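Descriptive analysis of the structure
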Amino acid sequence: MDKVMSNKKMIALYVLPSLLLILAVVYIPIVLTGYYGLNEWNGIGSMKFVGLDNYQRLLKDSVFWDSAKHSLLLAVFSLISLIVYLAIAMVLAAKLRGANLFRKIYLIPMLLSSVAIAQLWLKIYHPTSGIMNTLLESLGVDNPPAWLAEPSLVLFALFIPILWQYAGFYILIYYAALKNIPTSLEEAAKIDGATSIQIAYKIKLPLVMEVLKVTVVLAVVGSLKYFDLIYVMTNGGPNGASEVMASYMYRTAFKSYDFGYGSAIGFALLIICLVATWVIRKLTETKDTIQYS
Amino acid sequence: MFKKWTVLLLTLCLVLVAAGCGSKNENEENNGGAAEAGAKVTVNFMHLWPEGVSAGQNKIVNQIINEYQKEHTNVTIKQEVLDNEQYKNKLKVLSASNQLPDVGVTWAAGFLQPYVDGKLFAPVDDLLGGELKDKFVAGTTEAYNIGGSTYALPLEFNIAPVYYNKAIFEKYNLKAPTTYAEFQNVVKTLVDNGVAPIALGNKDRWTGSLWYMYLAERFAGQETVAKAIKGEESFKNADLTKAATEVQKLVDDKAFVKGFNGLSNEEAKSEFLNGNAAMYLMGTWELPNFTTNEDIPKEFRDSVGFFKFPAVDGGKGNANSWVGGPGVGLFVSENSKVKDEAKKFVEYFVSKWGEQSVTGAGVIPATKVDTSKLQLPQLYIDLFNEMNQASSITLFADVQMKANAAETHLNMIQALFGKAATPEKFADEHDAAIKKGS
C-alpha cells in the first residue's frame, strides 16, 4: 500500500476523477460567470462584450448595496447566535439528565428541507390566522404587525427561522468538540478549586477555539450567500426590504433576463465571500495553538 | 454561491441532456431521409401541463395526440412535460444551444420578443389563413404578432373579473357595485363591519398590477394605457397618476387584507375561499375553483358571483373593457427538421383544443366555441358572454412589457401598494424603464 501511495502516477490517477468533476461543475462555471459578467446578454441569442460596464453599474447600484447590507446584517446576527449555541452546547455536554434528548430536539430543524421550514414559518407569521399574531392578540396586543409585509420588520422576521434552521448544526459541532476534551483536565481543575464558569472560560473555550474559528467562517460565508428561505418566504420583498445578494442575483438573471449583470452580481458575491473568509482567517490567526495533553 | 453553482450545474445538465436529444434527432432525420416520403417522423412537443398539477389539460393533450397519431400513422408525437417555472428555464437553455423542440408552448408579447429577435420561432401566418381562419376570438392572435408576423397560435384567453362572496354581501345588505362610488361604499361598509373587503396576495406583485391596470384603464382609457406601455405616452399623464393615487387611497381605506404585501396569491386566495375576504380580483383561470372543483365546499362555490370592475365617474374607460390576455400559445421552431409536420400538428391541436378545454379543463379557449350546446356552469357561461361583449382588452402589463421593464413595473407595483413610492416616483421609474427598451 505504501508503495502505491508513493507512486506519483497512482496519486494522479486517484485524484483525477474528482478533480475533473470539480473543475467541470465548479471552477469552469466560476470563470465563465466572470466572463458572462463582461457581456450584455439576455440569455438568448448573442452576447455583446461590454467590458467592465456591468461591474461599474454594480458599484453604483443602490439595490445591490442594500442587499449586501442585508446579507451582512444576517452575518452579524449569525455570529451573535454562535455564542448562544456554544453556551447551549456547553450545557448539553455537561453530564445532564435529558441532554441526549435535547440534542436531538435541537437537531431536528436541520433535517427539514428549507422549503418546508419556509412554509411552516409562513403559517406562523400569517397576519391574521398565524400563531404569532393569534398569540399576541390573546396577550392583549392591539393590531399586531403583519410580519412579512412591513419593510422595517421583515428582515428580522426572516432572521429568526434562518438562525433557528442552523441552530442544531452548530450545536452539534460544538457538542462534539466539547465531548472531545479529556475529562481529566476538567477534573484536575475542579480539584484545584475552579468554578464551572472558570472551567468554561479558561479550559473549554481555548480548547474548542479551532472549531470555533471554522464555524465563524461557515456562519459568515453561509449568511452572505444565503438564499433559500428568503426566496420562498418573501422573494426579497416587500419593495426589496428583504433582498439579499443571492436573491438579487437570481432576480436579475432569471426574472429580468439580464444574465450579464446577474453574472456580475454572482461574481461580486464570490469575491465578497472570499474576502470575508480571508479577513476572518487573518483576524483569528494565533501563533500557538493550544492542545490537549 | 452554492445556489449559483447549483443553477449552473443544472444548466449544464440540461445542456447535456439537450445536446443528447438533439443528436438523436439528427440520426432519426438521416434515417428518415433515406426512406421515401411519408416515412416515420417524430415531432417533439414540450408543454407545461403535468398530470399532477393540470390534470384536465394533461388529459386533453393526450387525447388530442392519440387521435392525431391515429389519423396520421406515420407521425409520432413525443411529449416532454415540465412544470411552469422549469419549463421557462429549460426553454431558455434549449434556445441558447439551438435545440428547441419542434412544437412548444410560449407566452405572448414580451416573453415572445427575444425568441423572435433570435429567429428561433417560425412565423405561422399561413396557418391563420387556412382551416383556422376566423376561428380565433378577436384580439387574441394580435398579442403574438411581432413586426407583422404571427409567431404562435393562442390556446387560452383570460380576463379578470372581480369575484365576490354573495353570502357576505347579503349579510351586510350590499349589492354588486356598478359604479366606482358604489364600490367605495361596499369597501367602507365591509371595513366598518370588520370584514376584510379584498383578498390580495401582492407578494407575487402581478396580482396588484391587475388592480392598477383596471384603475388606469378606467381613468385614462385603454388607448392611453396601451400607449404608455409602448413608451409613446408618459406615465406622468394626469389620468394615469390619478389611477396610481387611487391605489394608495384604497390602501389607506384598508380595502385590502392585512399584510397583503407579504402574502402570496395562494394565501390570498385561501382568504377568499375561507370567506374571510369578500372580493377577489383574479383571472378566469380560477373558474374551476368556483364551479366544478369538488375539493371546495359546494356551499361556497354557489355563493361566488362576479362583477365587472366598475367605471369611474368622469373617467375615459368603460366597464366593458377588461384587463386580460391570452394565456399560452403554441409555437413551431424555426430550425425544426420537421417544420411542415409540426405546423400541421399545431393546426390540428388548436382546432381540437377549443371545445375539449371548455368541458375538460374549464378554461376559456382562444378559439370560438358555441357554448349553447354544452353543459356548463352558469358562472362560466355568464363570464363567457361578457367576454364576447368586451369593448376592448387591456393586456396584462407584465406580459406586454419586455422582461426588464416588466420587472420594474412589478417592483413599483409593490412599492406603490406598500406606500414606499409616491405616484410620481412610480411614473418616473416606469418611463425610465420603458425608455431603456430591454
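Residues numbered from 1 in each chain as written. Chains lettered and ligands numbered in written order. Predicted model: local features only at pLDDT ≥ 70, side-chain atom pairs only at ≥ 80, totals over all residues. Heavy atoms only, no water.

**Some thoughts on the sheet that holds strand S10 (residues 277–281) of chain B**
Backbone hydrogen bonds hold the strands of a sheet together, and the pairing may be parallel or antiparallel. Residues and elements named next belong to chain B. Spatially, 4 strands are ordered S9-S10-S8-S11 in an open sheet, and the strand pairing comes out mixed. Because the sheet does not close on itself, it has two edges, and the strands there are strand S9 (196–198) and strand S11 (304–307). Each neighbouring strand pair of the sheet contributes to a mean axis angle of 25°, computed without reference to strand direction. Along the sheet, helix H15 (residues 378–388) contacts strand S8 (162–165) and S11; its crossing angle with S11, the most-contacted strand, is approximately 10°. (Pairing = 2+ DSSP bridges. Helix = DSSP H or I, 4+ residues; strand = E, 2+ residues; numbered from the N terminus. Axes fitted to C-alpha atoms, helices over the stretch in contact; angles between N-to-C directions. Contact = heavy atoms within 4.5 Å.)

**Thoughts on the pairing of S10 of chain B**
Residue and element names in this part refer to chain B. Of all 5 residues in S10, 5 are buried; the element is thus mostly enclosed. Pairing of S8 with S10 involves 3 bridges; the strand directions are antiparallel. Counterpart to Tyr 163 in the pairing with S10 is Tyr 280. Relative to S10, S9 is paired through 2 bridges, and the arrangement is parallel. The residue of S10 that forms the bridge with Ile 198 is Met 279. (Buried < 20%, exposed > 50% of the residue type's maximum accessible area, 1.4 Å probe, protein only.)

**Side note on the interface of chain A and chain B**
Accessible area lost upon the coming together of the parts serves often as the stated size of an interface. Taken together, the contacts link 40 residues of chain A with 34 residues of chain B. Taken together, the two surfaces of chain A and chain B that pack against each other cover about 3300 Å², and 61% of this comes from carbon and sulfur. Among the residues chain A hides against chain B, the three largest losses belong to Ile 44, Asn 239 and Tyr 257 of chain A. Together they make up 20% of the total. At the junction of chain A with chain B, the criterion picks out 1 salt bridge. In this structure, the salt-bridge partner of Glu 407 of chain B is Arg 251 of chain A, at a minimum N-O distance of 3.0 Å. Summed over the shared surface of chain A and chain B, the result is 9 residue pairs in polar contact (both at pLDDT 80 or more). Listed by contribution, the elements that provide at least two residues to the side of chain A that touches chain B are helix H2 (8–36), helix H12 (228–233), helix H13 (245–255) and helix H14 (259–283) of chain A. Per-element accounting of the side of chain A that touches chain B gives the leading share, 6 residues, to H2 of chain A. (Buried area = accessible area lost by both parts, 1.4 Å probe. Salt bridge = Lys/Arg side-chain N within 4 Å of Asp/Glu carboxyl O. Polar contact = N/O pair within 3.5 Å; in protein donor to acceptor, adjacent residues only side chain to side chain.)

**Re the pattern of salt bridges**
Evaluated as defined, the whole model comprises 23 salt bridges over all chains. Of the charged contacts in the structure, one is a salt bridge between Glu 286 of chain B and Lys 269 of chain B, with a shortest N-O distance of 3.1 Å. You can see Glu 286 of chain B sitting in the loop between S10 and helix H12 (287–291) and its partner Lys 269 of chain B sitting in helix H11 (residues 265–273), a full 17 residues away along the chain. Taking the relative accessible area as the measure of exposure, Glu 286 of chain B reaches 4% and is therefore buried. A relative accessible area of 10% means that Lys 269 of chain B is categorised as buried. Through salt bridges with shared partners, one network takes in Glu 243 and Arg 251 of chain A together with Arg 205 and Glu 407 of chain B.

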